[in-house]
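Report on the structure
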Amino acid sequence: MDDTLTEIQLIPELATSFIISTIMTRQTNILLVLIIICNVNARIGMSTNLPTRPNVVSVGAYCSFNSAIGKVAKIAIEAAVDDVNLSSNVLNGTKLNLSVQDTNPNHLLGIVEALDFMENDIVAILSPQYSALGQVISYIANELQVPLLSFSEAESTMSSLEFPFLVKTAQSDMFQMSAIAEIVDYYEWRDVTVIYVDDDYGRHGIAVLGDKLAEKRCRITLKAPISPKASKYEITNVLTKVEKVESSILILHTHGDWGLEVFEVAQAQGMMDAGYVWITTDWLSTVLDTNFPFLSKAYDGIQGVLTLRMHIPDSQSKREFISRWDSLTDGKSLNGSIGLNAYGIYMYDIVWLLAHAIDDFFYQGNRVEFSNYNKFAELSGRNLHVDYMPMFNQGNLLLQSILKANVTGITGMMRFTADGLLVHPSYEIINVIGNSLRKIGYWSNGSRLSVMPPEIEDSKSRTSNSSITSSSGQLYGVIWPGQTTVKPYGWTYPHSGKLLRIGVPVTYIYPEVLHKVEGTNTYAGFCIDVFNAARDLLPYNIQHEFIPVFDNHTYNSTTAQLRRVQAGNFDTLLGGIVITVERMRIVDFTQPYVESGLVVVAPVKKLKSSTWAFLRPFTPMMWFVIGSSCLFVGTVIWITERRSNDQFRGSTKRQLETILRFSFSTLVNAQRENIMSGLSQFLLIVWLFVVLILNSTYTATLSSILTVENLSPSIKGIDSLISSNLPIGYSKGSFIKSYLINERRIHPSRLVPLNSLQESEKALENGTIAAIISERVYMEIFISTRCHFSIVGNDFAKMSWGMPFQRDSPLAVDLSYAILKLSESGELQRIRDKWLKQIACNKRGAKEEVERPQLKSFSGLFFLCGLAGLLALLFYVIKVVRQFMKHYSNKSQSSGLSSGSSAFRSFVSFVVREKEEAANRKGVSSARLNESNPM
């Protein structure tokens, strides 16, 4: 595009050379050559029909020569215009005529001067940095159809729909505020305080910042506006107000002309000490870059501050421009050389972009024509002297060329998105250290936070299988205000002498939970110890005061005081505040420090005596199995003993008596028969072990049944209590009433309010109420000295205690972390044991009945016993059969008997004979005994 006409003029010569070479080499392509000649001539004819370019095109610029942006921008614009006019690669001989207007601080005079300035047939305008005048010029540019290239903060409040001729050539504040929000989120801060200039520029920037912080679940706790013409006294008043808030993350968004004065006042008030964080928009880096090194004194008041700077990639063209900057500024300032800031480099590139757009505008065959703005005719007859005001007829076409421009300058690629914003917005994050500015990272719309420049991060993301570790989401270390490298917490309780106001109950029924120390203004108890322990873990100091304001056993009073916390009349409440859904709609609670629930408390009484109480330790099935096992063991032992043990022989009646007596006497280890068989002894050992376990279990269960205190069968827990028609007591005014009515559907007529512990005890004793429903923490204290009452069943309606704070209070979050630490370390349990663990009665929970052992619990024992009996029988049968086989074999050889019936008869006779032989052996033994012991 730059040498378009030159290239067209070279086409005939190139075509001729091509024709000659073609004729010499390939004569058959004559027809093709003729077609090329015709196309070339047609293009040459078209180029000769282009309108003649003007020798000069006028552009205008508004700059505040005394501002950090304006004085640098003026030099950069003039240098760019000179370079464009000297270049043969753009505009093809047309020169840019630059008209620069110093903006008047008085906005009214500035408007008049702007109207006068527009009479110079200007085709494009570079805008000022004062927002009020910028908006007026935007209106003028729209009416006169002159593209307005804005490089200032004025663009922040202007919509492209309302101002279609506005071209935003600097990076939008939207991206700058996104960068700040990313920084806040990176350091895990949640609340910030913003100090801003109270004009359209400041208000719009803070509105955008609020939205970006909300996306990160952060918020602005205080907005502190400062008038654009604020005095030092007014700045002091604003910072005094800021000092009283909790958030120590301060964001300063203002103009550069008095931003340093804010830091001067802040340093005097001790707000540049350790614990504070200051983040500024890019005005600070602009001021420092422009005036460096002439602000050495100012550096003392901004140590540790973080600021932003528009990022410009490192390149050869950038280094060359920086090296020639001193020569460009030589003699331009009475105070010495002027430093180069990012705005100056951007303005240099914007002029080149405009030059290319104008070149493209002419290449498309457009002319520069102006006509009189006829709407001023309505003002004829007045003394305003606005008879002629040129309107650029082709302004919309030039605007389109600007928006479609795609050039590469010192700042990199200069191209606009569909929204009219420059592509690839990015910032450097600067930390002020000593007399230098140290880059700790970068932010871009693509890679977000990174320690690597955005162009490198983007190239890495485009490279597949990159072995380079990503540095996205990282920043280098920071030296914060107060010369510390420790990250500030971001929130502190105000240093202005403000005390944390803690509401406590006027009356306290349970002193273990909270009570006033007699003769003092201090309080003690479980809640107080938990608060003090959590407070000691905070990274900042809190001074507090206790204010008796409510009755913690009156629901309406507690809820009303929570609304006072919501309104800011109190900071928090102590005294067993239960967390409920309704209350969480009013305030935020800390992490619970007591996990509790509702319980039923009822009177206890002794069980009535029962004739058959001794049978209660085991279930009927258990008794049946025990009896069956006794008979089984006795029978097996009788079988294994009867052939060799005379005590298990005799008549049938005697043998049955022996089996029954032996079977059940083993339960008390009182059997009198001697056991001779090894198999019987093995079985008896297993059975006696089973009996030992059964006896121990029986003894323990019977002891529990005879000694335990039990409730009346009509109350077993919350379910049985609800199903009955018995009256129920509750603490008067507590949330329990609404819970029982709404959630448990208990009729209000059954509910009896109780005002004190004495009234509760009396009502339970005289039968006015059947039970009390209250929180376990309170009921454990209640029954600890009243052993004739007990807790029935399990807890229901789980709930917790917490400390209430205003919505989004950072103190609630910090105390929650502290309570979790107390819980993990065991300190919270120690505090609870100190105050709430009672010695007497509190561990006794009444049950409807003692749980009796079930058959399933002893199935393993009975299985082992049965297996031992079966094994004894099996081995006994094998033994008898082997003896018979030996006897039968000898007999068959002598008598020749071999039939089955004869064998069976022989087996029976063998058994009977064994009995007789046993009897004979017994007689012989007795005779020998008598001989050895004569009378």
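Just so you know, these numbers come straight off a predicted model, no measurement behind them. (Residues numbered from 1 in each chain as written. Predicted model: local features only at pLDDT ≥ 70, side-chain atom pairs only at ≥ 80, totals over all residues. Heavy atoms only, no water.)

What follows deals with the overall build of the protein chain. When helices and strands are tallied, the protein chain shows 29 helices and 32 strands. Residues classed as buried in the protein chain amount to 49% of the 935 residues present. In the protein chain, the proportion of contacts linking residues at least 24 apart, taken out of those at least 6 apart, comes to 73%. Counting every atom, the protein chain has about 46100 Å² of accessible surface; 54% of that belongs to carbon and sulfur. (Helix = DSSP H or I, 4+ residues; strand = E, 2+ residues; numbered from the N terminus. Buried < 20%, exposed > 50% of the residue type's maximum accessible area, 1.4 Å probe, protein only. Contact = heavy atoms within 4.5 Å. Areas by Shrake-Rupley, 256 points an atom, 1.4 Å probe, with all protein chains shown as cover.)

Phi is mostly negative for residues that are not glycine, and the peptide bonds are mostly trans. A positive phi angle, close to 50°, is found at Asn 92, a residue other than glycine. Phi is positive for Gln 483, close to 55°, though the residue is something other than glycine.

Annotation from UniProt places "transmembrane region" (unreviewed entry) at residues 621-639, 682-706 and 858-878. Within residues 621-639, the helical portion is 100% and the strand portion 0%, while the C-alpha atoms at the span's ends are 27 Å from each other. Secondary structure within residues 858-878 divides into 95% helix and 0% strand; the distance between the first and last C-alpha atoms comes to 31 Å. (UniProt positions renumbered as here; feature names shortened; annotations may be inferred.)

With that out of the way, let us pick up the sheet that holds strand β3 (residues 122-126). With parallel pairing, five strands are arranged side by side in an open sheet as β2-β1-β3-β4-β5. Edge strands, defined here as strands with exactly one partner in the open sheet, are β2 (95-102) and β5 (166-168). Direction aside, neighbouring strands of the sheet carry axes that sit 25° apart on average. Bridge count between strand β4 (residues 148-150) and β5: three bridges; the pairing is parallel. In the strand pairing of β5, Leu 148 is matched with Leu 166. (Pairing = 2+ DSSP bridges. Axes fitted to C-alpha atoms, helices over the stretch in contact; angles between N-to-C directions.)

Under the counting rule described, the total for this entry stands at 25 aromatic pairs. Seen from their ring centres, Tyr 489 and Tyr 540 are 5.8 Å apart, and the 55° between their planes marks the pair as tilted. Note that Tyr 489 is positioned in the loop between α15 (454-462) and β18 (500-505) and Tyr 540 in the loop between α16 (526-536) and β21 (544-550), a separation of 51 residues in sequence. Using a relative accessible area of 7% as the deciding quantity, one classes Tyr 540 as buried. Grouping aromatic residues by their ring pairs yields a cluster made of Tyr 510, Phe 526, Tyr 593, Tyr 778 and Trp 801. (Phe/Tyr/Trp six-rings, centres within 6.5 Å; stacked < 30°, edge-to-face > 60°.)

When the charged atoms of two side chains with opposite charge come close together, those side chains can pair. All chains considered together, the criterion is met by 23 salt bridges. The partner of Asp 185 in a salt bridge is Arg 190, and the shortest N-O contact between them spans 3.5 Å. The closest approach of N and O atoms between Asp 198 and Arg 203, which form a salt bridge, is 2.7 Å. Through salt bridges with shared partners, a single ionic network connects Asp 289, Arg 309, Glu 428 and Lys 439. (Salt bridge = Lys/Arg side-chain N within 4 Å of Asp/Glu carboxyl O.)

With that settled, consider the pairing of strand β14 (residues 412-415). Of the strand pairs in this sheet, strand β13 (residues 406-409) and β14 are connected by four bridges, and their pairing is antiparallel. For Thr 408, the partnering residue across the bridge sits in β14 and is Met 413. Between β13 and β14, which pair antiparallel and follow one another directly, the connecting turn spans two residues.

Attention now moves to the nonpolar core. Within the largest apolar cluster, 106 residues are counted, with the highest numbers of intra-cluster contacts made by Leu 96, Leu 126, Val 184, Ile 279, Ile 358 and Ile 402. Once residues within four sequence positions are removed from consideration, Ile 402 is found in contact with Pro 147, Leu 149, Val 167, Leu 353, Leu 354, Ala 357 and Phe 416. The next biggest cluster of nonpolar side chains, apart from the first, holds 74 residues, and it includes Val 513, Ala 524, Leu 574 and Phe 796. (Core = buried A, V, L, I, M, F, W, Y, C linked by side-chain atoms within 4.5 Å.)

Turning our attention to the packing of helix α3 (residues 68-86) against helix α12 (residues 316-329). Across the interface, α3 lies against α12 with an axial gap of 11 Å and an inter-helix angle of 105°. Relative to α12, the element α3 is oriented roughly perpendicular. Residue-level contacts link Val 72, Ile 75, Ala 76, Ala 79 and Asp 83 of α3 to Arg 324, Trp 325, Leu 328 and Thr 329 of α12. Along the lines of polarity and charge, the residues of the contact of α3 with α12 split into six nonpolar, one polar and two charged. (Parallel < 35°, antiparallel > 145°, perpendicular 65-115°, else oblique. Nonpolar A, V, L, I, M, F, W, Y, C, P; charged D, E, K, R; others polar.)

For the rest of this paragraph, the subject is the side chain of Ser 58. Following the sequence through the fold, Ser 58 ends up in strand β1 (residues 56-63). Leave out the neighbours within four places in its chain, and Ser 58 touches Asn 97, Asn 120, Asp 121, Ile 122, Val 123 and Ala 124.

Within the secondary structure layout, Arg 53 lies in the loop between α2 (30-48) and β1. A distance of 3.2 Å separates a polar side-chain atom of Arg 53 from the backbone oxygen of Leu 91. Polar side-chain contacts of Arg 53 include one of 2.5 Å to the side chain of Asp 359. When sequence neighbours within four positions are dropped, the list of residues in contact with Arg 53 reads Leu 91, Asn 92, Thr 94, Asp 359, Phe 362 and Tyr 363. (Polar contact = N/O pair within 3.5 Å; in protein donor to acceptor, adjacent residues only side chain to side chain.)

Turn by turn, an α-helix covers 3.6 residues, leaving residues three or four places apart pointing in a common direction. Listed in full, the buried residues belonging to helix α9 (residues 259-268) are Gly 259, Val 262, Phe 263, Val 265 and Ala 266. Angularly, the buried residues of α9 cover 165° about the axis, an arc narrow enough to put them on a single face. Packed against the buried residues of α9 are β7 (219-226), α8 (232-243), β8 (249-253), β9 (277-280) and α10 (283-291). Just downstream of α9, Gly 270 is the residue with a positive phi angle, here 75°. (Arc of directions from axis to C-beta.)

On the surface, Phe 682, Phe 863, Leu 864, Leu 867, Leu 871, Leu 874, Phe 875 and Ile 878 cluster together to form a nonpolar patch covering roughly 760 Å² of accessible area. The leading source of residues in the nonpolar patch is helix α28 (residues 859-895), at seven residues. With respect to the helices and strands, Leu 874 occurs in helix α28. (Patch = residues over 30% accessible without salt bridge, like charges linked within 9 Å, V, L, I, M, F, W, Y side chains within 5 Å.)

Here the focus is the packing of α16 against helix α27 (residues 827-836). Contact geometry of α16 with α27 gives a least axis separation of 9 Å together with a crossing angle of 160°. Relative to α27, α16 is oriented roughly antiparallel. Here the hand of the crossing between α16 and α27 comes out right-handed. Here Phe 526, Asp 529, Val 530 and Ala 533 of α16 lie close against α27, whose contacting residues are Leu 828, Ile 831, Arg 832, Lys 834, Trp 835 and Leu 836. Of the residues that constitute the contact of α16 with α27, the class distribution is seven nonpolar, no polar and three charged. (Left-handed = near helix turned anticlockwise from the far one by under 90°.)

The terminal C-alpha atoms of helix α7 (residues 200-215), which comprises 16 residues, lie 23 Å apart, in line with the 22 Å expected from a rise of 1.5 Å per residue. Of the residues one or two after α7, Arg 217 is the one with positive phi, at around 60°. (Expected span 1.5 Å × (residues − 1).)

To continue, consider the confidence of the model for the protein chain. Considering every residue of the protein chain, the mean pLDDT works out to 80; 79% of them sit at 70 or more. The low-confidence segment residues 842-848, where pLDDT is below 50, has 21 contacts with residues more than four positions distant or belonging to other chains. Every residue in residues 924-935 is under pLDDT 50, and counting partners more than four places away or in other chains gives zero contacts. (pLDDT = per-residue confidence, 0-100.)

Turning to the environment of Leu 421, a few remarks are in order. With respect to the secondary-structure elements, Leu 421 resides in the loop between β14 and β15 (426-433). Along the backbone, Leu 421 and Thr 169 are 252 residues apart, and their C-alpha atoms lie at a distance of 7.3 Å. Filtering out sequence-adjacent residues up to four positions away, Leu 421 remains in contact with Lys 168, Ser 172, Met 174, Phe 175, Arg 415 and Phe 416.

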